[in-house]
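# Analysis of the macromolecular model
This is what each chain is made of:
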Amino acid sequence: INVTHELATRLLAAGTEPVSGQQLAEEFGVSRTAIWKHMKELEAMGYEIESVRKKGYRINNSPDSLEAFLVQAGLKTKKIGQRIEYLEQCASTQIVAHQLAQEGAPDGTAVISELQTEGRGRLMRKWDSAKGQGIWMSIILRPELPPHKSPQFTLVAAVAIVRAIQSVTGLDASIKWPNDILFGTKKATGILTELQSDADGIQALIIGIGVNVNQEREDFDAEVQDIATSLRLESGQPVNRRKLVQEILHCLEIYTDMYIEEGFAPLKELWEGHSATIGKAVRARMSRETLEGIAEGITEDGVLQLRTADGKVHGIYSADIELK
Ligand code: BTX
């Protein structure tokens with residue numbers, strides 16, 4: 001174990017209440033001088049540590065980092081995020097997660113990176129992933145389900161993320177089928193679900209989640225400045241990324257468990273409650289054709305039902321949806 005990290009976790013848990021050097025020395029089985037040295041190390045890492053006379057140490061401010069031990073301090077899950085692979089930088093957390101999944105990483109493993117140099121969306125589109133300003137994360141799940149159930153996890157993840165954003169920031173986002181989380185028409189979050197499967201079924205689902213958290217408009221690449229937004233831009237204040245990651249992991253666990261135990265029906269209802277698509281006139285661009293019509297709902301399998309002017313209802317499995 002890393003005593004410096006453990007000390008940070010201990011002091012963060014104590015909140016504004018100082019903990020005496022003597023007590024910490026006893027708890028960790030080291031000298032008071034050693035405790036003092038660890039405090040200096042934490043300061044070098046960007047923590048603001050106050051030493052309150054006669055009372056002890058307290059953390060007034062901690063670095064805005066998503067390091068595993070920080071995310072795990074106060075994490076309410078049993079499974080998701082119990083193992084976290086934290087990286088300062090990588091090409092894409094999806095690539096890292098695929099690799100870890102192949103090496104047998106357990107159900108619920110999360111990969112989190114401060115920066116992605118080749119963040120990607122669907123169809124290998126680029127995902128702008130500015131350093132330290134968003135949540136760039138991939139979750140490995142190993143549900144015992146047939147592969148055709150995997151697209152539903154995108155919808156389940158969308159419900160989880162909208163609810164987590166609601167609980168941490170109070171903001172109400174809406175979901176555009178299948179994988180965008182929006183404020184108005186601007187995108188704050190993208191979800192990319194990928195699959196490793198064989199004849200026995202799903203080996204691993206890799207759920208990639210990109211949340212724009214603290215970007216200002218000029219922090220986005222020029223190509224997306226007009227279509228992207230962040231939680232900070234929406235709420236007018238910076239958002240604590242660590243709390244949001246913890247809440248996303250927590251909600252993901254609640255709603256994926258619900259899906260696995262009760263099926264898609266309760267999730268369908270929650271999803272429709274947050275949907276920006278249902279009941280609207282939309283244009284659906286697919287690889288071979290483009291259809292226009294009214295988005296009537298989603299099926300029990302998460303397939304979008306589009307009614308065209310001739311009255312026909314089309315099942316849409318994969319498309320880019322434009323609200324008209
Ligand atoms: P998508 O294909 O639905 O959306 C990609 C499109 O979104 C881009 O073509 C661009 O127009 C726009 N876009 C790019 N970056 C941003 C941004 N930061 N905010 C808003 N709009 C943007 C969506 O794909 C799925 C994205 C998943 C991203 C996560 S991050 C962690 C994981 N690792 C990884 O490489 N991808 C996933």
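Please refer to the structure higher up on the page.
Residues numbered from 1 in each chain as written. Predicted model: local features only at pLDDT ≥ 70, side-chain atom pairs only at ≥ 80, totals over all residues. Heavy atoms only, no water.

## Comments concerning the site of the ligand
The environment of the ligand is made up of 27 residues, and the closest members are S92, Q116, R120, R122 and N212. D128 has a polar backbone atom sitting 2.9 Å from a nitrogen atom of the ligand. Here K187 contributes a side-chain N or O atom positioned 3.0 Å from an oxygen atom of the ligand. When the ligand sits alone it has 790 Å² of accessible area, and the protein chains cover 93% of it. Counting residues per element, the ones that place at least two in the shell around the ligand are α5 (93-102), β5 (134-141), β8 (186-198) and β9 (201-212). (Near = heavy atom within 4 Å. Polar contact = N/O pair within 3.5 Å; in protein donor to acceptor, adjacent residues only side chain to side chain. Areas by Shrake-Rupley, 256 points an atom, 1.4 Å probe, with all protein chains shown as cover. Helix = DSSP H or I, 4+ residues; strand = E, 2+ residues; numbered from the N terminus.)

## Some details on the sheet that holds β9
Judged by pairing direction, the sheet is mixed, and its seven strands sit side by side in the order β3-β4-β5-β9-β8-β7-β6 without closing on themselves. Two strands bound the open sheet, and with one partner strand each, they are β3 (84-87) and β6 (174-176). Each adjacent strand pair in this sheet contributes to an overall mean axis angle of 20 degrees, direction not counted. When β6 meets strand β7 (residues 180-183), the two strands line up antiparallel, connected through three bridges. By the bridge assignment, S174 is partnered in β7 with L182. Along the sheet, α5 contacts β3, β4 (110-113), β5, β8 and β9; its crossing angle with β5, the most-contacted strand, is approximately 20 degrees. Seen against the sheet, helix α6 (residues 150-169) touches β5, β6, β7, β8 and β9 and runs at an angle of roughly 145 degrees to β8. (Pairing = 2+ DSSP bridges. Axes fitted to C-alpha atoms, helices over the stretch in contact; angles between N-to-C directions. Contact = heavy atoms within 4.5 Å.)

## What about helix α9 (residues 265-273)?
Taken residue by residue, α9 has L267, K268, L270 and W271 as its buried positions. Take α9 and look down its axis: the buried residues cluster within an arc of 165 degrees, on one side only. Pointing more than 90 degrees away from the buried face of α9 are the exposed residues E269 and G273. The inward-facing, buried residues of α9 contact α6, β6, α8 (241-262) and β11 (290-298). (Buried < 20%, exposed > 50% of the residue type's maximum accessible area, 1.4 Å probe, protein only. Arc of directions from axis to C-beta.)

## Regarding the sheet that holds strand β10 (residues 281-285)
What the five strands build is an open sheet, ordered β13-β12-β11-β10-β14; its pairing is antiparallel. Either end of the sheet is taken by a strand with one partner, and the two such strands are β13 (313-316) and β14 (320-323). The sheet shows a mean angle of 45 degrees between the axes of neighbouring strands, taken without regard to direction. Relative to β13, strand β12 (residues 304-307) runs antiparallel, the two being bridged by four bridges. Across the sheet, residue L304 finds its bridge partner in β13, namely I316.

## So, unusual backbone geometry
Cis geometry marks the peptide bond from W177 to P178; its omega dihedral reads -5 degrees. Mapped onto the elements of the fold, P178 is located in the loop between β6 and β7. Of note in this structure, K54 is not a glycine but carries a positive phi near 65 degrees. Residue placement: K54 occurs in the loop between β1 (48-52) and β2 (56-61).

## Considerations on the pairing of β9
Taking burial as the measure, the 12 residues of β9 include 11 buried ones, the bulk of the element. Here eight bridges tie β5 to β9, and the two strands are oriented antiparallel to one another. Residue pairing across strands places I139 opposite I207, the latter belonging to β9. With 10 bridges connecting them, β8 and β9 associate as antiparallel partners. Counterpart to L192 in the pairing with β9 is G208. Connecting the antiparallel pair β8 and β9 is a turn made up of two residues.

## Considering the environment of R120
You can see R120 is positioned in the loop between β4 and β5. At 3.1 Å, the side chain of R120 and the side chain of E194 are in polar contact.

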